[in-house]
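# Coordinate inspection notes
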Amino acid sequence: MRIYRIAAIPGDGIGAEVVAAGVETLAACARRDGGFDLAFDHFDWGSERYKKTGAFMPDNGRDLIKSHDAILFGSAGAPDVPDHVTLWGLRLAICQPFDQYANVRPTRILPGIVSPLRHVAGPELDWVIVRENTEGEYAGIGGRVHRGLPEEVATDVSVFTRAGVARIMRFAFALARTRPRRLLTVVTKSNAQRHGMVLWDEIASEVAAEFPDVTWDKMLVDAMTMRMTLKPQSLDTIVATNLHADILSDLAAALAGSLGIAPTANLNPERKFPSMFEPIHGSAFDIMGKGIANPIGTFWSGVLLLEHLGEKPAAARLMRAIERVTADKALHTPDLGGKAGTVDVTRAVCEALAGDNRE
Ligand code: IPM
Ligand code: MG
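Remember, it's a predicted structure, so these values are computed and weren't measured experimentally. (Residues numbered from 1 in each chain as written. Chains lettered and ligands numbered in written order. Predicted model: local features only at pLDDT ≥ 70, side-chain atom pairs only at ≥ 80, totals over all residues. Heavy atoms only, no water.)

## Section: the overall build of the protein
- When helices and strands are counted, the protein shows eleven helices and twelve strands.
- Scaling as 2.2 N^0.38, a compact globule of 359 residues should have a C-alpha radius of gyration of about 21 Å, and the protein matches this with 20 Å.
- Going through the 359 residues of the protein one by one, you find that 53% of them count as buried.
- Pairs at least 24 apart in sequence give 76% of the contacts found in the protein among residues at least 6 apart.
- In the structure as shown, the protein presents an accessible area of about 15,600 Å², 54% of it carried by carbon and sulfur atoms.
- On the protein, the mean spot of the 39 positive side-chain charges and the mean spot of the 44 negative ones are 3 Å from each other. (Helix = DSSP H or I, 4+ residues; strand = E, 2+ residues; numbered from the N terminus. Rg over C-alpha atoms; globule rule 2.2 N^0.38 Å. Buried < 20%, exposed > 50% of the residue type's maximum accessible area, 1.4 Å probe, protein only. Contact = heavy atoms within 4.5 Å. Areas by Shrake-Rupley, 256 points an atom, 1.4 Å probe, with all protein chains shown as cover. Lys, Arg positive; Asp, Glu negative; His and termini not counted. Charge placed at Lys NZ, Arg CZ, Asp CG, Glu CD.)

## Here's the deal with the environment of Glu278
- Following the sequence through the fold, Glu278 ends up in strand β12 (residues 275–279).
- The spacing of Glu278 and Thr298 is 20 residues in sequence and 6.1 Å in space, taken between C-alpha atoms.

## Overview of the site of ligand 1
- Inspection of the region around ligand 1 gives Leu87, Arg91, Arg105, Arg131, Tyr138 and Asp246 as its neighbouring residues.
- For ligand 1, an oxygen atom lies 2.8 Å from a polar atom in the side chain of Arg131.
- For ligand 1, an oxygen atom lies 2.8 Å from a polar atom in the side chain of Asp246.
- Considering ligand 1 on its own, with 320 Å² of exposed area, one finds that the protein chains cover 70% of that surface.
- Here the residues of the shell around ligand 1 are counted per class, giving two nonpolar, no polar and four charged. (Near = heavy atom within 4 Å. Polar contact = N/O pair within 3.5 Å; in protein donor to acceptor, adjacent residues only side chain to side chain. Nonpolar A, V, L, I, M, F, W, Y, C, P; charged D, E, K, R; others polar.)

## Overview of the side chain of Asn268
- Mapped onto the elements, Asn268 comes out in the loop between β11 (263–267) and β12.
- At 2.7 Å, the side chain of Asn268 and the backbone nitrogen of Lys272 are in polar contact.
- If we skip the residues at most four places from it in the chain, Asn268 touches Phe98, Asp99, Gln100, Phe273 and Ser275.

## Overview of the packing of helix α10 (residues 312–326) against helix α11 (residues 342–354)
- Between α10 and α11, the shortest axis-to-axis distance is 8 Å and the interhelical angle comes to 125°. Taken together, α10 and α11 sit at an angle that is classed as oblique. Regarding α10 and α11, the two cross each other, and that crossing is right-handed. In this structure, α10 uses Arg317, Leu318, Ala321, Ile322 and Val325 to contact α11, whose residues at the interface are Val345, Ala348, Val349, Ala352 and Leu353.
- For the contact of α10 with α11, the class distribution of residues is nine nonpolar, no polar and one charged. (Axes fitted to C-alpha atoms, helices over the stretch in contact; angles between N-to-C directions. Parallel < 35°, antiparallel > 145°, perpendicular 65-115°, else oblique. Left-handed = near helix turned anticlockwise from the far one by under 90°.)

## Here we look at the pattern of salt bridges
- Counted according to the given criterion, the structure contains 20 salt bridges.
- Its salt-bridge partner being Glu210, residue Arg170 comes within 2.8 Å of it at the nearest N-O pair. Of this pair, Arg170 sits in helix α5 (residues 162–178) while Glu210 sits in the loop between α6 (196–208) and β9 (215–220), and the two are 40 residues apart along the sequence.
- The partly exposed category is assigned to Arg170, whose relative accessible area is 37%.
- Each of Glu48, Lys51 and Asp80 takes part in one network of salt bridges that share partners. (Salt bridge = Lys/Arg side-chain N within 4 Å of Asp/Glu carboxyl O.)

## A closer look at the environment of Arg144
- Mapped onto the secondary structure, Arg144 falls in strand β6 (residues 136–145).
- Along the backbone, Arg144 and Ile322 are 178 residues apart, and their C-alpha atoms lie at a distance of 47 Å.

## Some words on the domain arrangement of the protein
- Here the protein is described as being made up of domain 1 (1–101 + 265–359) and domain 2 (115–256).
- Of note, the centres of domain 1 and domain 2, computed from C-alpha atoms alone, are 25 Å apart.
- Looking only at domain 1, the three residues that lose the most surface to domain 2 are Gln96, Tyr101 and Ile280, adding up to 54% of its buried area.
- Counting across the interface, domain 1 meets domain 2 through one salt bridge.
- Among the salt bridges present, the one from Arg167 reaches Asp99, with a minimum N-O distance of 2.9 Å.
- Our count for the contact surface shared by domain 1 and domain 2 stands at five residue pairs in polar contact (both at pLDDT 80 or more).
- Broken down by element, the residue count for the side of domain 1 that touches domain 2 peaks at five residues, all from helix α4 (residues 83–95).
- For the side of domain 1 that touches domain 2, the per-class residue count stands at eight nonpolar, three polar and two charged. (Domains from an automatic or database assignment. Buried area = accessible area lost by both parts, 1.4 Å probe.)

In structure tokens form, the structure reads like this:
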């Protein structure tokens, strides 16, 4: 039997609660499947470790996880640690060196969940946002001089490379091709940003020629927010820069009903390094320890993890279990307007898995 090694990194805040729920659910999924097993190694990396030792993970941290089959990540962020320190100390310290350049964010209105968009039926919003995940506005290039003086200067330089843009564009076109509508929207801001974003547009046209069976169009990011809100049916697969897609994916999550549901895959498609799966929601310190964190974002990330491992039937089974549970309003956590706790949702998903007789 194939045994996959999974590195679990709960991180901060509600990360610990949702990753524990995710590990339990994925283990139940493997038991139900019977064809594979998952062995979890747990790593206590995060802000607590940073406050004690000055580092979010050990110096050889990446070596410890580079041979794992996948990484399940919770969240990073603490009220008393600056956000940019946390981000660069943990999440980006894994994503960028592991070349997880394709950040994939499916968005749907799951059964039982009400979108804030009036007149939009569930099936009318079915998107996958592909976020460039290694460069662009998150390149980390820039600096500050003359600190504290009136002439202080700060720069953040966006970096767009032909190789980086071409590979994310190819990934997005290829993904769009696997979806029934074969429809891709390329988002930029090439009217105002006349260098990097124009390069995106040019490379989009070049790569499009390799995918004649995919219909594609271009949107400026500002207009894209309106199209997502007013014409969600007109979109399917979406590709955008690191920052644009970061912003659009929060909008997408809100339109689909809750950030608590939204999943992410940080993929290294060539599989030279492990890929990382995480809920989008963050550490949510305000609800930490209350037992009310929505674990669905982590479970759906688990679906993406299983798909990446090639365990397609198990992934489909977990997605069916998630949808059975969201359909029942008594199992909604407070972010969805309900009263259920993390444990209730987890138990219900595990029961739905055990009771799913489809192969
Ligand atoms: C996300 C998050 C992160 C990001 C934060 C936590 C730094 O918002 O994954 O979308 O901006 O990349
Ligand atoms: Mg974000």
